[in-house]
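For reference, the chains in residue letters:
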Amino acid sequence: MKSQKIVILTGAGVSAESGIDTFRAAGGLWENHRVEDVATPEGFAKDPELVHRFYNLRRAALKTVKPNPAHYALAKLEAGLMEQGGQLTLVTQNVDDLHERGGAKEVIHMHGILTSMLCGTCEHRWEHLEDASPNLSCRKCYVTGTSRPDIVWFGEMPYAMHVIEERLAACDLFVSIGTSGAVYPAAGFVQLARSMGKATLELNLERSQGSNFFDETRLGPAGTLVPQWVDEVLS
Ligand code: APR
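A brief report on the enclosed structure follows. Here the residue index of a chain counts from 1 through its sequence in written order. This being a predicted model, a pLDDT of at least 70 is required before a residue's local features are given, and a value of 80 or more before pairs of side-chain atoms are given or counted; all residues contribute to the totals for chains, interfaces and linings. Excluded from the side-chain calculations are hydrogens and water; all other atoms, namely the structure's heavy atoms, are used.

## Quick notes on the overall build of the chain
Argument step 1. Helix and strand definitions follow DSSP, with helices as H or I runs of at least four residues and strands as E runs of at least two, each counted in order from the N terminus. Scanning the chain for helices and strands turns up ten helices and nine strands.
Argument step 2. For 235 residues, the compact-globule estimate of 2.2 N^0.38 gives 18 Å, and the chain sits close to it at 18 Å.
Argument step 3. Principal-axis analysis of the C-alpha atoms gives the chain an extent of 55 × 35 × 35 Å.
Argument step 4. Surface exposure of the chain reaches about 11200 Å², of which carbon and sulfur atoms provide 53%.
Argument step 5. For this count, His and the chain ends are skipped, Lys and Arg are scored as positive, and Asp and Glu as negative. Here the site of a charge means NZ on Lys, CZ on Arg, CG on Asp, or CD on Glu. Averaged over its 22 positive side-chain charges, the chain has a centre that lies 2 Å from the centre of its 29 negative ones. Between the two quantities, the radius of gyration covers C-alpha atoms and the globule rule is 2.2 Å times the number of residues to the power 0.38. All accessibility values rest on the Shrake-Rupley procedure with a 1.4 Å probe; residue burial counts only the protein chains present in the view.

## Details of the site of the ligand
Argument step 1. Summary of the distance rule: residues count as near a molecule or strand when at least one heavy atom falls within 4 Å of that molecule or strand. Taken together, 22 residues form the shell around the ligand, and within it Phe23, Arg24, Trp30, Thr179 and Ser180 come nearest.
Argument step 2. In protein, a polar contact requires one atom able to donate a hydrogen and another able to accept it; more generally it is a pair of N or O atoms within 3.5 Å, and residues adjacent in sequence count only if both atoms are side-chain atoms. Within the backbone of Ala12, one N or O atom sits 2.8 Å away from an oxygen atom of the ligand.
Argument step 3. In this structure, Gly178 approaches the ligand through a main-chain N or O atom, which is 3.3 Å from an oxygen atom.
Argument step 4. When isolated, the ligand has an accessible area of 730 Å², and the protein chains bury 92% of it.
Argument step 5. Residues that form the shell around the ligand fall into these classes: nine nonpolar, ten polar and three charged.
Argument step 6. Shared between two domains, the shell around the ligand takes at least three residues from each, and those domains are domain 1 (1-19 + 67-111 + 158-235) and domain 2 (21-64 + 113-151). For this scheme, ten residues count as nonpolar: Ala, Val, Leu, Ile, Met, Phe, Trp, Tyr, Cys and Pro. Four count as charged, namely Asp, Glu, Lys and Arg, and the remainder, Gly too, count as polar. Domain start and stop positions are those given by an automatic or database domain assignment.

## Some remarks on the sheet that holds strand β2 (residues 87-92)
Argument step 1. Ordered by their spatial adjacency, six strands build an open sheet running β3-β2-β1-β7-β8-β9, and the pairing between neighbours is parallel. In this open sheet, the two strands that pair with only one neighbour each are β3 (107-109) and β9 (216-219). Neighbouring strand axes in the sheet, compared pairwise and without regard to direction, differ in orientation by 20° on average.
Argument step 2. One ladder, built from four bridges, connects strand β8 (residues 199-204) with β9; its direction is parallel. Across the sheet, the residue bridging to Leu201 is Glu216, located in β9.
Argument step 3. Here a residue-residue contact requires only that any non-hydrogen atoms of the pair lie within 4.5 Å. Orientation is described by axes fitted as lines to C-alpha atoms, over the contacting stretch for helices, and by angles from 0 to 180 degrees between their N-to-C directions. Sheet strands in contact with helix α6 (residues 69-83) are β1 (5-10), β2 and β7 (173-177), and its direction is about 150° off that of β2. Here, strands pair whenever DSSP counts at least two bridges between them.

## Considerations on the pairing of β7
Argument step 1. For each residue, the accessible area found with a 1.4 Å probe, counting protein chains only, is set against the maximum for its type, and the residue is called buried under 20%, exposed over 50%, and partly exposed in between. For β7, the buried fraction is high: five of the five residues fall into the buried class.
Argument step 2. Where β7 lies against β8, five bridges are found, and the strand directions are parallel. Counterpart to Ser176 in the pairing with β8 is Glu202.
Argument step 3. Look down the strands so they point away from you; if going from the first strand over the helix to the second traces a clockwise path, that crossover is right-handed. Assessed by its sense of winding, the connection that carries the chain from β7 through helix α9 (residues 189-195) to β8 is right-handed.

## Things to note about the environment of Gly85
Argument step 1. Mapped onto the elements of the fold, Gly85 is located in the loop between α6 and β2.
Argument step 2. Sequence separation of Gly85 and Gly155 is 70 residues, and the distance between their C-alpha atoms is 38 Å.

## A word on the pairing of β1
Argument step 1. Across the six residues of β1, five count as buried, placing the element largely inside the fold.
Argument step 2. Relative to β2, β1 is paired through six bridges, and the arrangement is parallel. Within β2, the position partnered with Thr10 by the bridge is Thr92.
Argument step 3. Sheet topology note: the β1/β7 ladder contains five bridges and is parallel.

## Notes on the sheet that holds strand β5 (residues 125-127)
One key point about sheets: their strands pair by backbone hydrogen bonds, in either a parallel or an antiparallel sense.
Argument step 1. One open sheet holds the three strands; their spatial order is β5-β4-β6, and the pairing between them is antiparallel. Two strands in the sheet have a free side with no partner beyond their single neighbour: β5 and β6 (147-151). Taken over all neighbouring pairs, the strand axes of this sheet differ in orientation by 40° on average, direction set aside.
Argument step 2. Where strand β4 (residues 112-119) and β6 come together, four bridges link them in antiparallel fashion. From the neighbouring strand, Cys119 faces β6, where its bridge partner is Ser147.
Argument step 3. Running over the sheet, helix α5 (residues 48-62) touches β4 and β6 and is turned about 135° from β4.

## Details of the packing of α6 against helix α10 (residues 222-234)
Argument step 1. Close contact between α6 and α10 brings their axes to 8 Å; oriented N to C, the two are set at 15°. Our classification of the angle between α6 and α10 gives roughly parallel. Considering the relative orientation of α6 and α10, their crossing is left-handed. Packed against α6, whose contacting residues are Pro69, Ala70, Ala73, Leu74, Lys76, Leu77, Gly80 and Leu81, the element α10 presents Ala222, Gly223, Val226, Pro227, Trp229, Val230, Asp231, Val233 and Leu234 at the interface.
Argument step 2. Here the contact of α6 with α10 is built from residues that sort into 13 nonpolar, two polar and two charged. Orientation is classified from the angle alone, with under 35 degrees giving roughly parallel, over 145 giving roughly antiparallel, 65 to 115 giving roughly perpendicular, and any other angle giving oblique. In a left-handed crossing the near helix is turned counterclockwise from the far helix by less than a right angle, and in a right-handed crossing that turn is clockwise.

If you want it as structure tokens, here you go:
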């Protein structure tokens, strides 16, 4: 189908083969850390040092990982659809930068990104690739102590929801890749897409929580499934 508009939602599973831990697997991030301590505004207010340390480790780990075939394939899809007059909207829940490093030009990081800091005082954002601490000052208002990782924590509103909803309303196909479907609002995109009559496809290692809502599910590792599917779409 030419001029296709596709919205893709990715989750931790797309980066698993690059060596980044998923959240809900045995030994995953949330088995080893209390969400309340490291991924809520309350946790940050209580112990900013601990929260910075948690994200410093994740940020430093980015330097040791590389995009995998799934990231490269999605960048190829973006370019290929554009050539055919279509459009890819790539929405990720991931806070790594592997889609960009795999060549994707436009990525919506609905849960924020590790390489950015956010000033809790003036809301200025800036690229920050090194360790952060409570002593960090905002690059714009110079207030010290309120700079935080630019990550959407539990209880906060994900970024760019209006853009995502618009793109879902305008798309032909919604595809979910490597996400367990445990966290809303992202987990509800499939139902939203379905309610608007869109085709829906899931690519995941195992059935997600919302698997029954998809027209089609393909099970397997993203590094294999995604390049295969992209070749089908572009052929
Ligand atoms: N290929 C495809 N899927 C995989 C792979 C793989 N190689 N490895 C794991 N998966 C699947 C798992 O089967 C699981 O369904 O990826 C999914 C990962 O699920 P989660 O760990 O729950 O990660 P995610 O869905 O991205 O979490 C959503 O929850 O804690 C928050 O903010 C955090 O963005 C995150 C959100």
